[in-house]
Amino acid sequence: MASSIAPPAAGTTTTPAPLPLKAIAPWALFAGVLLLVLLYFVGAEQGATSLLSGSDVHEWLHDGRHLLGFPCH
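Note on numbering: residues in each chain are counted from 1, in written sequence order. With the structure being a predicted model, the display of local features is reserved for residues of pLDDT at least 70 and the display and counting of side-chain atom pairs for 80 or more, all residues being used for whole-chain, interface and lining totals. Side-chain metrics rest on all non-hydrogen atoms present in the structure, leaving aside hydrogens and water.

Draft legend 1. Structural detail: the overall build of the chain. Numbering of helices and strands runs from the N terminus, with a helix taken as a DSSP run of H or I at least four residues long and a strand as a DSSP run of E at least two residues long. Within the chain, the secondary structure is distributed over two helices and zero strands. Rg of the C-alpha trace for the chain: 24 Å, well past the compact-globule value of 11 Å for 73 residues, more than 25% over. Overall, the chain is about 65 × 40 × 20 Å in size when its C-alpha atoms are taken along their principal axes. Accessible area is worked out with a 1.4 Å probe on protein chains only. A residue is then buried under 20% of its type maximum, exposed over 50%, and partly exposed in between. Per-residue burial for the chain yields a buried fraction of 10% across its 73 residues. Accessible areas in this description were obtained via Shrake-Rupley with a 1.4 Å probe; residue shielding takes into account the shown protein chains only. Of the roughly 6,600 Å² of accessible surface on the chain, a fraction of 72% belongs to carbon and sulfur atoms. Computation of the radius of gyration draws on C-alpha atoms, with the globule rule given as 2.2 Å multiplied by the number of residues to the power 0.38.

Draft legend 2. Layout of the packing of aromatic side chains. Under the pairing criterion, centres of Phe, Tyr and Trp rings, with the six-membered ring standing for Trp, must be within 6.5 Å; the plane angle then separates stacked pairs below 30 degrees from edge-to-face pairs above 60, leaving the rest tilted. What the rule picks out here adds up to two aromatic pairs. With centroids separated by 6.4 Å and ring planes inclined at 90°, the aromatic side chains of tryptophan 27 and phenylalanine 30 adopt a geometry described as edge-to-face. One end of the pair, tryptophan 27, and the other, phenylalanine 30, are both in helix 1 (residues 21-43), three residues apart, so they sit about a helical turn from each other. Just as tryptophan 27 is exposed, phenylalanine 30 falls in that class too.

Draft legend 3. Structural detail: a nonpolar patch on the surface. Surface patches are drawn from residues lacking salt bridges whose relative accessible area is over 30%; two like charges belong together within 9 Å, two nonpolar side chains (Val, Leu, Ile, Met, Phe, Trp, Tyr) within 5 Å. A pairing counts as a salt bridge when a side-chain nitrogen of Lys or Arg comes within 4 Å of a carboxyl oxygen of Asp or Glu. The grouping of Leu19, Leu21 and Ile24 at the surface amounts to a nonpolar patch, some 340 Å² of accessible area in total. Take leucine 19: its relative accessible area is 66%, and that puts it in the exposed class.

Draft legend 4. Structural detail: the side chain of histidine 62. Among the secondary structure elements, histidine 62 is positioned in helix 2 (residues 56-68). Here histidine 62 falls in the buried class, since its relative accessible area comes to 19%. Here a polar contact is recorded for every N or O atom pair within 3.5 Å, except that within protein the pair must consist of a potential hydrogen donor and a potential acceptor, and residues adjacent in sequence are included only if both atoms are side-chain atoms. A distance of 3.1 Å separates a polar atom in the side chain of histidine 62 from a polar atom in the side chain of histidine 66.

Below, the structure written as structure tokens:
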């Protein structure tokens, strides 16, 4: 049941292929927008800037607001 793994040959090195910026930019933009929307709902979705009526969003995110240091009452 024992298996042996041969060590790499002397003098061989592997380098990772570089990622082009064009491949990363759309995902970085998507992640940034998603984080800004999440930050809005956790930090500001209540009161004068509210996009949704009622207090459902406040109740769902109440503990998260306190955990992240946002005052809400």
